[in-house]
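Descriptive structure summary
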Amino acid sequence: MAFQQIRPQKGSEIVMGQIKMQIETGTYAPGSKLPTVVELAASFQVGRSTIREALSALKAIGWVDIRHGGGTFVSNPLPVDSTSLFDQSESLQEVQEVRRFIEAGCASLAASRRTDANVAALRDILQTMEKALGNEEESEQADIRFHLEIAKASHNSLMIGMMESLTERLQVSMKASRRLWFFAERASAEKLLQEHRDIVDAIDAQDETLAADRMSQHIHKVDQVIQKLAKISTDASL
């Protein structure tokens, strides 16, 4: 008889589950502020990094809101059904499949056809993204502008039209992936920004193959984050 493999839970997953249960049972009401990372680490007798990872996961599935410099708050309203995030992740994966083909092509054409003005516009967006580090809403908007600007640099009206038609879907995709980026990739905001810089550098150098490869690698990493979203959403619903 075959047995299902049992995966041992990480400390952050145990902490995440207990905090989520306390929210569900009303210990922490919607909109209320959670104890600080230091206080939670002392209560659970774990390291601060474990607490931060647990809170990042809870944020990714919609249970808490982490405010830069202001602490962590229980979401208000609470998510209706965490399993719906799994359904959303499947939809996001479809968006990523489309992006992989369109955006790699856009990057390649942009490297071939870009003007100095196109490169200047992309580098201006990179500066905006750097200034927006830590501000999720501004970062998301700058990220969307970045990808649309690469489409414009392709000087292909159909490519531009397809990217513009995906704008709403891109917004959802980027919001979900950014919520999970730090949890799934263990990456810093600076590392994510560097990936965008590398794409622009390849376009600026007019290296079509490198630009397409770097864009493909970037979107592949986002794919991995979306898959992580599906797994966390499923685990949270158990």
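The structure displayed is predicted, hence computed values, not measured ones.

A closer look at the packing of aromatic side chains
Centre distance and the angle of the planes are the two values used to describe a pair of aromatic rings. Inspection of every chain in the model, using the stated rule, returns zero aromatic pairs. Sitting above the plane of the Phe 73 ring, Arg 67 keeps its charged end 3.7 Å from the centroid.

What to know about the pairing of strand E2 (residues 71–74)
Across four bridges, strand E1 (residues 64–67) lies against E2 in antiparallel orientation. Following the sheet pairing, Asp 65 is matched in E2 by Phe 73. Linking E1 back to E2 in an antiparallel pair, the connection comprises three residues, with Gly 69 at a positive phi of about 75°.

Remarks on the confidence of the model for the protein
In this model, the protein carries a mean pLDDT of 83, and residues with pLDDT of at least 70 account for 79%. The weakest mean pLDDT in the protein belongs to helix H8 (residues 167–185) at 66; the strongest belongs to helix H5 (residues 116–131) at 96. Per-residue pLDDT stays below 50 along residues 82–87; that stretch engages in twelve contacts with residues further than four places along the chain or on separate chains.

Notes on the pattern of salt bridges
Applying the stated criterion across every chain yields a total of nine salt bridges. The salt bridge involving Arg 197 is made with Glu 130; its shortest N-O contact spans 3.5 Å. Linking Arg 197 in helix H9 (residues 189–204) with Glu 130 in helix H5, this pair joins segments that are 67 residues apart in sequence. Glu 130 gets classed as partly exposed once you look at its relative accessible area, which sits at 42%. Lys 221 is the salt-bridge partner of Glu 195, the closest N and O atoms lying 2.8 Å from each other. With a gap of 26 residues between them, Glu 195 in helix H9 and Lys 221 in helix H10 (residues 208–237) connect regions that are remote in the sequence.

Things to note about H5
For H5, which comprises 16 residues, the first-to-last C-alpha distance of 23 Å matches the rise-based estimate of 22 Å (1.5 Å per residue) to within 8%. The complete set of buried residues in H5 reads Asn 118, Val 119, Leu 122, Ile 125, Leu 126 and Met 129. Looking straight down H5, one finds its buried side chains confined to an arc of 120°; they lie on one side. The exposed residues of H5 that point more than 90 degrees off its buried face are Asp 116, Ala 117 and Lys 131.

The rules behind each value
Residues numbered from 1 in each chain as written. Predicted model: local features only at pLDDT ≥ 70, side-chain atom pairs only at ≥ 80, totals over all residues. Heavy atoms only, no water. Phe/Tyr/Trp six-rings, centres within 6.5 Å; stacked < 30°, edge-to-face > 60°. Lys NZ or Arg CZ within 6 Å of the ring centre and 35° of its normal. Pairing = 2+ DSSP bridges. Helix = DSSP H or I, 4+ residues; strand = E, 2+ residues; numbered from the N terminus. pLDDT = per-residue confidence, 0-100. Contact = heavy atoms within 4.5 Å. Salt bridge = Lys/Arg side-chain N within 4 Å of Asp/Glu carboxyl O. Buried < 20%, exposed > 50% of the residue type's maximum accessible area, 1.4 Å probe, protein only. Expected span 1.5 Å × (residues − 1). Arc of directions from axis to C-beta.

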